Amino acid sequence: MMTHQIVLIFHLLAATVWVGGHLFLAIRYLPEALKKKDASVLVNFKDKFEPVGLPSLLTLLITGIAMAYHYDVSVTHWFSFSGSIEKVVSAKLLLLFLSVGMAINAQLFVFPKIKSDNLRPVAFQIIAITVIGVAMLVLGSWVRIGGL
């Protein structure tokens, strides 16, 4: 049981960085960039956040899988949606895959083409990834009460 608690603490710390960083970006920096029509505000944040954000995402992946196994949701039960915890794990995995896809899209297409006079694509990306992160956080909290 103590191992699960330690893994959970690391998971929560990583979620704090990942979700908190995106909330801070969406609430503090995105409005400033839109108001000033200045893409450098977002690029500067991205460049500073990535060295801590990406390791936190990796930590979330590793600790999330470890906790899924603790709840007897092995890879053979992923996407089965058969039980309460399986539903949470499966939904979080789908959102994780969506997040990874969006991260690849941001790296390859959105940020390389970012322009101060058209911040809509990056604004959409920021808001979407923030909502996904909060949704994953809420889903994770439901494990404590038995899942979905």
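Worth saying up front: this structure is predicted, and the values here are computed from it rather than measured. (Residues numbered from 1 in each chain as written. Predicted model: local features only at pLDDT ≥ 70, side-chain atom pairs only at ≥ 80, totals over all residues. Heavy atoms only, no water.)

Q: What exactly am I supposed to notice about the packing of helix α3 (residues 84–110) against helix α4 (residues 120–143) here?
A: Relative placement of two packed helices is described by the angle separating their axes and the distance separating the axes. Contact pair α3 / α4: the axes reach a minimum separation of 10 Å and the direction vectors enclose 160 degrees. With respect to α4, the axis of α3 lies roughly antiparallel. Our pair here, α3 against α4, has a crossing hand that is left-handed. Split by residue class, the contact of α3 with α4 holds 19 nonpolar, 4 polar and 1 charged. (Axes fitted to C-alpha atoms, helices over the stretch in contact; angles between N-to-C directions. Helix = DSSP H or I, 4+ residues; strand = E, 2+ residues; numbered from the N terminus. Parallel < 35°, antiparallel > 145°, perpendicular 65-115°, else oblique. Left-handed = near helix turned anticlockwise from the far one by under 90°. Nonpolar A, V, L, I, M, F, W, Y, C, P; charged D, E, K, R; others polar.)

Q: Help me understand the environment of Asn 118, please; the structure alone is not making it clear to me.
A: Relative to the elements of secondary structure, Asn 118 occurs in the loop between α3 and α4. Classification of Asn 118 by relative accessible area gives partly exposed; the value is 44%. Sequence separation between Asn 118 and Leu 34 is 84 residues; the distance between their C-alpha atoms is 9.2 Å. (Buried < 20%, exposed > 50% of the residue type's maximum accessible area, 1.4 Å probe, protein only.)

Q: Got a minute to help me understand the packing of aromatic side chains in this structure?
A: For any pair of aromatic rings, the description rests on two quantities: the centre-to-centre distance and the angle between the ring planes. Per the counting criterion, the structure on display carries 5 aromatic pairs. On the basis of an interplanar angle of 40 degrees and a centroid distance of 5.1 Å, the ring pair of Tyr 29 and Phe 45 is categorised as tilted. With Tyr 29 in helix α1 (residues 2–36) and Phe 45 in helix α2 (residues 39–70), this residue pair connects regions lying 16 residues apart in the sequence. Ring geometry for Phe 79 versus Phe 97: centroids 6.1 Å apart, planes at 35 degrees, classification tilted. Residue Phe 79 is found in the loop between α2 and α3, and its partner Phe 97 is found in helix α3; the two are separated by 18 residues along the sequence. Among the residues examined, Phe 97 registers a relative accessible area of 47% and is labelled partly exposed. In this structure an aromatic cluster arises from ring pairing among Trp 18, Phe 24, Tyr 29, Phe 45 and Phe 49. One cation-aromatic arrangement involves Arg 28 over Tyr 29; the distance from NZ or CZ to the ring centre is 4.9 Å. Above the face of the Phe 111 ring, Lys 46 is positioned so that its terminal group lies 5.3 Å from the ring centre. (Phe/Tyr/Trp six-rings, centres within 6.5 Å; stacked < 30°, edge-to-face > 60°. Lys NZ or Arg CZ within 6 Å of the ring centre and 35° of its normal.)

Q: Quick question: what am I supposed to make of the packing of α1 against α4 here?
A: Close contact between α1 and α4 brings their axes to 9 Å; oriented N to C, the two are set at 150 degrees. Between α1 and α4, the angle is such that the two are roughly antiparallel. Once α1 is placed against α4, the crossing between them reads as left-handed. The residues of α4 that touch α1, namely those facing Ala 15, Trp 18, Val 19, His 22, Leu 23, Leu 25, Ala 26, Leu 30 and Leu 34, are Ala 123, Ile 126, Ile 127, Ile 129, Thr 130, Gly 133, Val 134 and Leu 137. Taken together, the residues of the contact of α1 with α4 break down into 14 nonpolar, 3 polar and no charged. (Contact = heavy atoms within 4.5 Å.)

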